[in-house]
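Geometric and topological summary
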Protein chains: 2
Amino acid sequence: MIEPMGNQYVVARQVYSQNAFDEEHKKLKRYHKTILDHFRIWCRCSPQKAKKIALSLFPIASWLPAYRLKEWLLSDIVSGVSTGLVAVLQGMAFALLVDISPIYGLYAAFFPLIVYFFFGTSRHISVGPFPILSTMVGSVVSKTGSTIDSEKVTAAASITVLVGLIQLGLGILQIGFIVIYLSESLISGFTTAAAIQVLVSQLKFIFQLTVPSYSDPFSIFKVLKSVFSQIGKTNIADLVTSLVILIVVFIVKELNQRYKHKLPAPIPIELIMTIIAAGVSYGFDFKTRFNVAVVGEMESGFKAPTAPSMEIWQNYIGDAFSIAIVGFAIAFSVASVYAAKYDYRINGNQELIAFGLSNIVGGSFQGFAGSTSLSRSGVQESTGGKTQIAGILSAVIVLIVIVAIGFLLESLQKSVLAALALGNLKGMLMQFGEVGRLWKKDKYDCIIWIFTFLAAIILGLGIGLGVAVAFQLLTIVFRTQFPKCSILANVGRSDIYKNRKDYPEIYETEGVKIFRCPSPLYFANIGFFKRKLIDAVGFKPARILRKRNKALKKIRKLVKKGQLQITPKGFIYTADGFKDSDDELDNNHIEELDKPIETSDLPFHIDWNSDLPLNIEVPKINLHSLILDFSAVSFVDTSSMRGLKSILQGFLRIDVDVYIVGTDDDFVEKLERCGFFDQEVQSSIFFLTIHDAILHIWMKKNYMISKYNHNQEKEMKADFTINTNGGLRNRDYQVSMETKL
Amino acid sequence: MIEPMGNQYVVARQVYSQNAFDEEHKKLKRYHKTILDHFRIWCRCSPQKAKKIALSLFPIASWLPAYRLKEWLLSDIVSGVSTGLVAVLQGMAFALLVDISPIYGLYAAFFPLIVYFFFGTSRHISVGPFPILSTMVGSVVSKTGSTIDSEKVTAAASITVLVGLIQLGLGILQIGFIVIYLSESLISGFTTAAAIQVLVSQLKFIFQLTVPSYSDPFSIFKVLKSVFSQIGKTNIADLVTSLVILIVVFIVKELNQRYKHKLPAPIPIELIMTIIAAGVSYGFDFKTRFNVAVVGEMESGFKAPTAPSMEIWQNYIGDAFSIAIVGFAIAFSVASVYAAKYDYRINGNQELIAFGLSNIVGGSFQGFAGSTSLSRSGVQESTGGKTQIAGILSAVIVLIVIVAIGFLLESLQKSVLAALALGNLKGMLMQFGEVGRLWKKDKYDCIIWIFTFLAAIILGLGIGLGVAVAFQLLTIVFRTQFPKCSILANVGRSDIYKNRKDYPEIYETEGVKIFRCPSPLYFANIGFFKRKLIDAVGFKPARILRKRNKALKKIRKLVKKGQLQITPKGFIYTADGFKDSDDELDNNHIEELDKPIETSDLPFHIDWNSDLPLNIEVPKINLHSLILDFSAVSFVDTSSMRGLKSILQGFLRIDVDVYIVGTDDDFVEKLERCGFFDQEVQSSIFFLTIHDAILHIWMKKNYMISKYNHNQEKEMKADFTINTNGGLRNRDYQVSMETKL
């Protein structure tokens, strides 16, 4: 008994319309939470909740106790030292982008590391200066028009504190949820564009040219134009140094990667190259011999914190906002890449708070706005960093340079800094390969990647990101806007209905169409849905209705004149000389022709599909029932509801029964609430499944099922005899289930 | 035989997994059209298509031959005369908003009517000057800083031609489809806001105050502030005239409406009031007596066309673009209201072409940019206008005024013009009632209305419309972003599965969860989906996996030390003094703990739900199969695909079988194309329906179906005995179908 039962799907139950089912299985009355309830729950306070919030505010309290000393410390030390050195170099390089002395770049590198150690949730990113943000801060500094160094430093620090306050505010207001709108394709496209932007921003140090700072849309082209127009002024010594360092770093990194398992720790090539470069430059006095640009004088020690300038806050709050968003977006997208790679969760709101505090503290101590550098985070991760212990160790390195050995770097070439920064962008640039893979997988995702990349390149990271997010949300609308509607037919003679184009052997009941819409219905696609439905049935219900109403008027007139006699077989036209006076018949409001057909006053029924007397022509339709499969229609809005109703009315008025199947329970409830149902469109049109509706139609239309058995015997042939009632509608159909292929 | 069959749903077939079904019913290979194919079809030319395009370019060719002379002409004449008079009055009034002489307003009223007659698809709107557009043109004129009248006229005309070119271009490029993004709620909110904007713009004429023209965001508040700060300077004569006219017009219009069926034609109250007002003002010399503002000198005849100024085009192309879009949006939304009311189709692209040509011609003859005035269209429709015959007749009226009787209007008060304009806004303002109705029907639609209204009021119509459309598209994302996921259970003991919270009598198979997601899956909701799924099953698969892997390591260690013996009943721990050295066990990469459990090297199986030896604790889970009902998941993107795969892996790795049911056919195909399937996640997890999957689970888990018959007998009780194989997994479950309520 088990075997045949086990592999058999056997069901015998009543045919269920939605109403019949509801009658038989009473629903529980459930209280649905209102918006107010949700708000109350959100506001509710409990010790657990308070503890959870407190813990989430200090992520270090969760991860530090779980630190695996033996296993991770060595990696973290190697990574921390390497990253620290890169942080020193990049801090100094990016200070040049802000147009202030390199020592401030070290402050900008130091403080965020300390703050993020306590508040951050990412284990792999290295916080601190980021070239794009530095450029954006630099553009604010240049807007102030100041030429005094101390004023420039104050401007940069003030805007940084404001950026921090904005980020902190967004974090406290829990606006971090916006990060769910950054899809993987978008992040990939955006970080690739950011890598290109950084690459272009470093060109001036490689070639050692003077390029003004741009930060508005199209800035990348302006920079490129400026670089290439001066390409003749290239300092060959700087270019050669850069290229040598780039090539060496690239090769050693490849070796590090290839022999990852054999090496105890990756070779700290950045450290080695910097020492060599500084030594060589100092030893051979490159500065005077080749006129290369060097880092220059480094004062040691910290500056006292200063109050930010209110004037800067007032004038540049817009810039601060875009710096805040771009900084967060960059940091979060890089952190997401590593979080996905190592499978841990980062918290958007907490990241906002961490970056906000980092920038507030950093700005107070005369640093400038930071986020994370793609290349530096790459160093931290690729040299084996496991936690932010690596971050705090890199802060120690920065600290040592600030207070003690900064002077050793005075003769280092700026082009060396740039080359080291570029050496780490490879991973981000490799993402170009995504485009081809995405195109094969999902066209929309590929378009998102390309759009985001182009927008971030052309419009700059700030505006580009906003435009890309808006575009990406639009794609969700596009995906649902042109649903792949299909006509279904029975496949395999049981209760399974599939797209009739897909299968060679299908079974369709004559006069019944099953139409499936696989997307929600709303204002932007209800018109498309209607067009597709009309294509599927092959006629416009409104047109049929008008023709029938016109014909009815003619018949009425004939009856009134006594020129028409009715026999059981149809009309007999008894008088001659009836001329079709179209003007006269048209002499009524067009609206009347769209009203339901009213024949109760006539002494007979009219079969619109039979031949009507003489010159009265009405298109015949081969459809008595239409089933709409709405199992994937997850919502309707009021615009589409009105459209849907007019579609249903159109069919009902020409005697086509419409059934809607597969909807969620709350679908009907919502329609009821919106006053969807009336005398014409009733809630009895809802059925549980397509097969329920089909069975109901067979019963209603009185199909005589002479032979229908439920085995899988392929040779079975079901014949139905339709036996419709009504005076003039005495026709017998012989319907075979296999009428159509 | 018919009766019982007719109301019975009887099915007996094989249990179908997607693969089994595909095997049995071979699919046809279909060629799916690529983007290129669609483009080819779009480009293809045929005589029919050419004819259709030609006809659609000249809508007049379709509607004029069908004109019902006897029936419509009288209405159209009455409407045309009334509208023509209003067009004269409004044209003059709105010319004041542009800051040029009233006669140019008559040109702006005349030419668009002629052009639209041939090219327009709306039967009821009255094209021509619109106060908001006039204000926008006025702001361009004031930006030029010119004080010479002829220069101002040239500026207005030039910008108008540019607006027309932009509209024409958009129309030819078929960009008119953007109008499907204007939902009913949005149009209702937008036109209501537009009515308020017009009302405010007319205040200065009612009170007769001098208000500068603003057209940027917040302009409505600036105008109101300006009006109220000068309220003491109100000209009482103007105010009284306005109020009297407003009240009279309002009352007579109400009477017109109430006795619609008794009156042969509505009383042309605007016409009457204008004649009286002009006469009284002239007779009693209001201008000198009360110092009221009058229309002033009217030169008769037309001006020769002039070439537009290229300088204006270059400098104000941005303004032109927003005028073009707002003009079209207003006209199209008003036209949509009437098209919905009278049930005909308007064509967005053709409307763009019609308005583009109207503005090009109007601007060439020194008119200014027009669209449709809400109030004037209201007049045209409410006085019985049926077609654009009314439009062309109103052009004749304007023409008569321009060439002959303009001088009669010289003493008319400007406040009369304003009052007549306001008298027709009632319908648009009545739309406030929508808010309450929408709130009851659909919260999102209500929010769209309010948002659109506020955006259009606060930011102005141009920016407001853009923001509102963007917001509206966002709501589509919101609707799908937080799907109402639910756990399903069998209701009624057949093949019907419903939300288990809704029904008091449900049947659940122990160890099986059925989870339904009623929305597409994409980057912004895959996280939400995962959270809801974890809530539903009650545990995190990743956590269970780590615990099990940890436990496995301990067991391995014990086995190696020979401290563990295995008996058929379970483990026996044979040695004392085993201490749980967590550090030692933790001494492995965390990633390893997330790998699939590998026990093939062990000489026994582990039943994770039984008690493990000594201090090895693993959470027990009460789930062996998870069914995901994806019948409403209409698409997945690549971000969510990756998320979905990791979710599936999580469950599969802890021995929970996952089944996905109810997907479209191309769902599996897409996943295959994206390399979704591998050793762990296989395509065999897809089943046709929930019931198929349930039956498959019963079979697979070897439930002994002692008694299961398919009648509707409520007292039936099905007992299953699970008989699992495998060394240590020798337990017998007694599962009742009614274990849970």
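Described below are features of the structure shown in this document. (Residues numbered from 1 in each chain as written. Chains lettered and ligands numbered in written order. Predicted model: local features only at pLDDT ≥ 70, side-chain atom pairs only at ≥ 80, totals over all residues. Heavy atoms only, no water.)

**So, a nonpolar patch on the surface**
On the surface, Leu243(A), Ile247(A), Phe250(A), Ile251(A), Leu255(A) and Tyr259(A) cluster together into a nonpolar patch covering about 560 Å² of accessible area. You can see Leu243(A) is positioned in helix H12 (residues 236-258). (Patch = residues over 30% accessible without salt bridge, like charges linked within 9 Å, V, L, I, M, F, W, Y side chains within 5 Å. Areas by Shrake-Rupley, 256 points an atom, 1.4 Å probe, with all protein chains shown as cover. Salt bridge = Lys/Arg side-chain N within 4 Å of Asp/Glu carboxyl O. Helix = DSSP H or I, 4+ residues; strand = E, 2+ residues; numbered from the N terminus.)

**Examining the nonpolar core**
If you look at the biggest cluster of nonpolar residues, it comprises 129 residues, and the most contacted ones within it are Met92(A), Leu106(A), Val137(A), Ile330(A), Phe368(A), Leu412(A) and Leu461(A). In terms of residues, this core owes the most to one element, helix H16 (residues 317-342) of chain A, which gives 13 residues. Counting residues in each nonpolar core, the second largest holds 128 residues, with Val137(B), Val163(B), Ile448(B) and Leu465(B) among its members. (Core = buried A, V, L, I, M, F, W, Y, C linked by side-chain atoms within 4.5 Å. Buried < 20%, exposed > 50% of the residue type's maximum accessible area, 1.4 Å probe, protein only.)

**Regarding the relation of the copies chain A and chain B**
Mapping chain A onto chain B calls for a screw motion: a turn of 180° about the axis and a shift of 0.1 Å along it, with 0.2 Å RMSD after fitting. Taken together, the rotation angle and the small translation identify this as a two-fold axis. By C-alpha distance to the rotation axis, the residue of chain A lying nearest is Ala632(A), at 1.9 Å. (Least-squares fit on C-alpha atoms with pLDDT ≥ 70 in both.)

**Points about a positive patch on the surface**
Taken together, the side chains of Lys33(A), Arg44(A), Lys49(A), Lys52(A), Arg345(A), Lys501(B), Lys530(B), Arg531(B), Lys532(B), Lys540(B), Arg543(B) and Lys547(B) define a basic patch exposed on the protein surface. Counting only elements with at least two residues in the positive patch, the list comes to helix H4 (47-57) of chain A together with helix H25 (526-537) and helix H26 (541-560) of chain B. Top element by residues in the positive patch is H25(B). It accounts for three residues. (Lys, Arg positive; Asp, Glu negative; His and termini not counted. Charge placed at Lys NZ, Arg CZ, Asp CG, Glu CD.)

**Looking at the sheet that holds strand E11 (residues 686-687) of chain A**
All names here are of chain A. Overall, mixed pairing links the six strands, which are arranged E5-E4-E6-E9-E10-E11 in an open sheet. Either end of the sheet is taken by a strand with one partner, and the two such strands are strand E5 (497-499) and E11. Of the strand pairs in this sheet, strand E4 (residues 486-490) and E5 are connected by three bridges, and their pairing is antiparallel. What sits directly across from Leu-488, in E5, is Asn-499. Sitting on the sheet, helix H25 (residues 526-537) touches E4, strand E6 (512-516) and strand E9 (625-629), and the angle it makes with E6 is about 150°. (Pairing = 2+ DSSP bridges. Contact = heavy atoms within 4.5 Å. Axes fitted to C-alpha atoms, helices over the stretch in contact; angles between N-to-C directions.)

**Thoughts on the packing of helix H6 (residues 69-98) of chain B against helix H18 (residues 374-382) of chain B**
Residues and elements named next belong to chain B. The N-to-C vectors of H6 and H18 enclose an angle of 170°; their axes lie 8 Å apart at closest approach. Looking at the two axes, H6 sits roughly antiparallel to H18. Here Ser-79, Ser-82, Thr-83, Val-86, Ala-87, Gln-90 and Phe-94 of H6 lie close against H18, whose contacting residues are Ser-375, Arg-376, Val-379 and Gln-380. Per-class residue counts for the contact of H6 with H18 are four nonpolar, six polar and one charged. (Parallel < 35°, antiparallel > 145°, perpendicular 65-115°, else oblique. Nonpolar A, V, L, I, M, F, W, Y, C, P; charged D, E, K, R; others polar.)

**Re the interface of chain A and chain B**
The interface is formed by 99 residues belonging to chain A together with 100 residues belonging to chain B. For the pair chain A and chain B, the two sides together bury roughly 9500 Å², of which 54% comes from carbon and sulfur. Viewed at the interface, chain B and chain A are joined by 10 salt bridges. Salt-bridge contacts for Glu184(A) lead to Arg642(B); the nearest nitrogen and oxygen are separated by 2.8 Å. It is helix H24 (residues 461-481) of chain A that contributes the most residues to the side of chain A that touches chain B, nine residues altogether. Considered class by class, the residues forming the side of chain A that touches chain B number 40 nonpolar, 26 polar and 33 charged. Two strands pair when backbone bridges link them, and strand E1 (residues 8-14) of chain A and strand E1 (residues 8-14) of chain B are joined in this way by seven bridges, in the antiparallel orientation. If you follow Tyr9(A) over to E1(B), its bridge partner there is Arg13(B). (Buried area = accessible area lost by both parts, 1.4 Å probe.)

**As for the pairing of strand E10 (residues 657-661) of chain B**
Residue and element names in this part refer to chain B. Taken across its five residues, E10 has five buried, putting it largely inside the fold. The side-chain alternation of E10 yields two buried faces, one formed by Asp-657, Tyr-659 and Val-661 and the other by Val-658 and Ile-660. Both strand E9 (residues 625-629) and E10 contribute to a ladder of five bridges, which runs parallel. Of the residues in E10, the one forming a bridge with Leu-628 is Ile-660. Taking the sense of rotation as the criterion, the β-α-β connection linking E9, helix H29 (residues 638-653) and E10 turns out right-handed. Here E10 runs beside strand E11 (residues 686-687); their pairing, made up of two bridges, is parallel. (Right-handed = clockwise from strand over helix to strand, strands pointing away.)

**A look at the environment of Met430(B)**
All names here are of chain B. Within the secondary structure, Met-430 sits in the loop between helix H21 (426-429) and helix H22 (434-441). The exposure class of Met-430 is exposed, given its relative accessible area of 56%. Separated by 56 residues in the primary sequence, Met-430 and Leu-374 place their C-alpha atoms 13 Å from one another.

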